[in-house]
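Chain by chain, the residues:
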Amino acid sequence: MKKKFSLGDAAFDTLNTVIMILICFLAIYPIWYILIISLNDGYDAIQGGIYWLPRKFTWDNYREVFRNNEIIIAFGVSIARTLIATTLHVFFTGMVAYAFLKKELIGRKIFMTMGLITMFFSGGLIPTFILIRNLGMFDSFWVFIFPTMFSFFDLIIFQAFFRTIPDALEESAKMDGANYFTIFIRIILPVAKSVVAVIILFNGVYNWNDYFMGIIYLNNQDLHPIQTYLYKMVVTSESSRQSLNTVSVSTTRFTSTSLQMATMLITTIPIICIYPFMQKHFVKGMMLGSVKE
Amino acid sequence: MSNIVVPSLENNNKTSNQLTKKTGIFQQISKIWAQKDLQAMAIPGVIWMIIFNFVPMYFIIIAFERYNVAKGILGSKWVGFDNFIEFFTDERFWLVMKNTFGLNLVRLLVGFPLPIIFAILLNELLSLKFKKLVQTLSYLPHFLSWIIVGGIMYNWLSDTGFITTILVDIGILDAPVHLIGTKEYFWGILVTSENWKEIGWNAIIYIAAISSIDPNLYEAANIDGAGRFRKIWNITLPSIKGTVAILLTLNIGNLLGSNFEQLFVFYRPILYDVIDVIDIYAYRIGIENGRLSYATAVSLFRSIFAFILLYSANKASKKLTDVSLV
């Protein structure tokens, strides 16, 4: 695209580049802000004016967070929930997707129609709430696992990928007398690595970031995941902000804001860590999903 | 097709027809039995859908009852459309409707064009490396939870927060205000934070659509001496028209929806008057006040209305652009 260089073009390019740099800055800065406040002395931070680097550097906020049993438990719940629920979701949804794809499956049409219905209609908040209560999943860890085990939308993403796997791969295994389940585990899943990565990412991020289940289904504080715990921190400090902003009231060396920031940063770390690795996959996954939309 | 299952099925049919004269149902059962390993993988999914999707749909009938937990769904008193009538005559009905439509309209007007503009501008960048970098960073916020974003908003927009301080310093605000707890600014904060979080993510689909445009089109335009804006207007935009139409349809279908996870972070009594959209209101009357039937009726009203909207938007899209969902 060689063209003679015009002044208008140059102005446009410059402006465009500035806008893009600004967008990049805006995307990163809030995380940077969390980082510097969490590494700054809490009472010093209250005076404001910290924008680029910590003013009074300290690890104390992190030390305090790791000393707090409730936070440790909440992290444990989040990790357990994310690992178990995501593994089960990928495995279960993938398995059903594979089975639903087989033309010889009796009832296939009905099953797929049922699934399509679930994409357009849902019971909604209250009926689901009643269901969970009737199933006895209130105040139980299983509420994180079973209700998120399957998603028809993810099934469609799986199927879009499974269709591209050549039949020949399966045929030879069938000759050897392998059943569908063995084929799914031994052949399909290993070949479908990229779609598995996509679903792990989507579902894993959902499980890690969800805070609402903890609020609506769990009274037992010990089962609250870290996001729910953060929610309580944020809301409590907001409703009592008058008293907390006055330094003299508190006797500890920490402000709720600085502890919040430290917790938030630890919560963000797993996401930032997997981000570069998963990045190339999820654009693809997004497209697989949208083809069907 | 399958080598093992199908022949054995046929054998089963033959033997059963010739020898035992089984009825259709038995034949069907033996057919299913022959593929039990496949059925064993499919049926758990069907059971899951029945329990977690269809049973709640069945529970919707409590919208027409005065649901009593002790009496159960079948034993509760049938009240017909009373719950709906109560909602239509509810003193907050018009406020809730105004908030739902108003907020979503603002979200649509701001949030729909922004990713398209972003995708087009990104495409105009000359350096491929820079383009990649911007794109990668732009969807990072999508992966942060709403609690984290909300926590930052609470921090920055409080009366001592750093955005408030800046606004006072440059003279936009006369005195420090607790912005996050002020009704007038609330929608603005919602829309800004949502777009900050989602602009890069929502642009992915447009970026993909743009990258699949035939480069020859641009070459030809160059030879014709077309300028940049001409090319955007005559090539880029028409090429992504279909994608835009589909996403617009989906967005219009969602005019009664809400970004519940976002709203709930900011959900406090002081903001009820500006945050009460249908979903939030249903949450309050249902979960907080325990009026399950009434809340279900409110949600059901929303679903039906939303479906009609989606249906009409799809029809319109088909007429105007020849693109439709189903």
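Rules of the game
- Along every chain, residues carry numbers that run from 1 in the direction the sequence is written.
- Going through the entries in the order they are written, you letter the chains from A and number the ligands from 1.
- The model is predicted, so local features are restricted to residues of pLDDT at least 70 and side-chain atom pairs to those at 80 or more, both for listing and for counting; the totals for chains, interfaces and linings are taken over all residues.
- What counts as a helix is a DSSP run of H or I of at least four residues, what counts as a strand is a run of E of at least two, and both are numbered from the N terminus.
- Atoms counted for the radius of gyration: C-alpha only. Globule rule: 2.2 Å times the number of residues to the power 0.38.
- Counting other C-beta atoms within 10 Å of a residue's C-beta gives its exposure: the residue is buried at 20 or more, exposed at 12 or fewer, and partly exposed in between, where C-beta atoms are placed from the backbone.
- Helix axes use the C-alpha atoms of the stretch in contact, all axes being lines fitted to C-alpha atoms, and the angles between their N-to-C directions lie in the range 0 to 180 degrees.
- An angle below 35 degrees is read as roughly parallel, one above 145 as roughly antiparallel, one from 65 to 115 as roughly perpendicular, and any other as oblique.
- The sense of a crossing depends on the near helix, which, turned anticlockwise from the far helix by less than a right angle, makes the crossing left-handed and, turned clockwise, makes it right-handed.
- By the convention adopted here, residues make contact when the C-beta atoms placed from their backbones lie within 7 Å.
- Under the scheme applied, nonpolar residues are Ala, Val, Leu, Ile, Met, Phe, Trp, Tyr, Cys and Pro; charged residues are Asp, Glu, Lys and Arg; polar residues are all the others, including Gly.

Considering the overall build of chain A
Then, in step 1: Broken down by element type, chain A carries 14 helices and zero strands.
Then, in step 2: Secondary structure elements of chain A, listed N to C terminal, follow the sequence α-α-α-α-α-α-α-α-α-α-α-α-α-α.
Then, in step 3: Here the C-alpha radius of gyration of chain A, 25 Å, is well above what a compact globule of 293 residues would show, namely 19 Å.
Then, in step 4: Seen along its three principal axes, the alpha-carbon backbone of chain A occupies a region of about 75 × 70 × 35 Å.
Then, in step 5: In chain A, which comprises 293 residues, the share counted as buried stands at 35%.

What about the packing of helix α4 (residues 69-101) of chain A against helix α7 (residues 152-162) of chain A?
All names here are of chain A.
Then, in step 1: For the pair α4 and α7, interaxial distance at closest approach is 9 Å and the crossing angle is 60°. With respect to α7, the element α4 is oriented oblique. For α4 against α7, the interelement crossing comes out right-handed. Contacts between α4 and α7 involve Thr93, Gly94, Val96, Ala97, Tyr98, Phe100 and Leu101 on the former and, on the latter, Asp154, Leu155, Phe158, Gln159 and Phe162.
Then, in step 2: Along the lines of polarity and charge, the residues of the contact of α4 with α7 split into eight nonpolar, three polar and one charged.

Brief notes about helix α17 (residues 278-288) of chain B
Then, in step 1: Burial runs high along α17 of chain B: eight of the eleven residues are buried.
Then, in step 2: Every buried residue of α17 of chain B is accounted for by Ile278, Asp279, Ile280, Tyr281, Ala282, Tyr283, Ile285 and Gly286 of chain B.
Then, in step 3: The secondary structure elements touched by the buried residues of α17 of chain B are α6 (125-134) of chain A together with α6 (93-111), α15 (260-265), α16 (272-275) and α18 (292-321) of chain B.

Description of unusual backbone geometry
Then, in step 1: Positive phi, close to 55°, is recorded for Asp139 of chain A, a residue that is not glycine.
Then, in step 2: Within the secondary structure, Asp139 of chain A sits in the loop between α6 and α7.

Some points on the interface of chain A and chain B
Then, in step 1: Every contact between the two is made by 75 residues of chain A and, on the other side, 70 residues of chain B.
Then, in step 2: Considering each element in turn, the side of chain A that touches chain B owes the most residues, 13 residues, to helix α1 (residues 7-38) of chain A.
Then, in step 3: For the side of chain A that touches chain B, the per-class residue count stands at 46 nonpolar, 18 polar and eleven charged.

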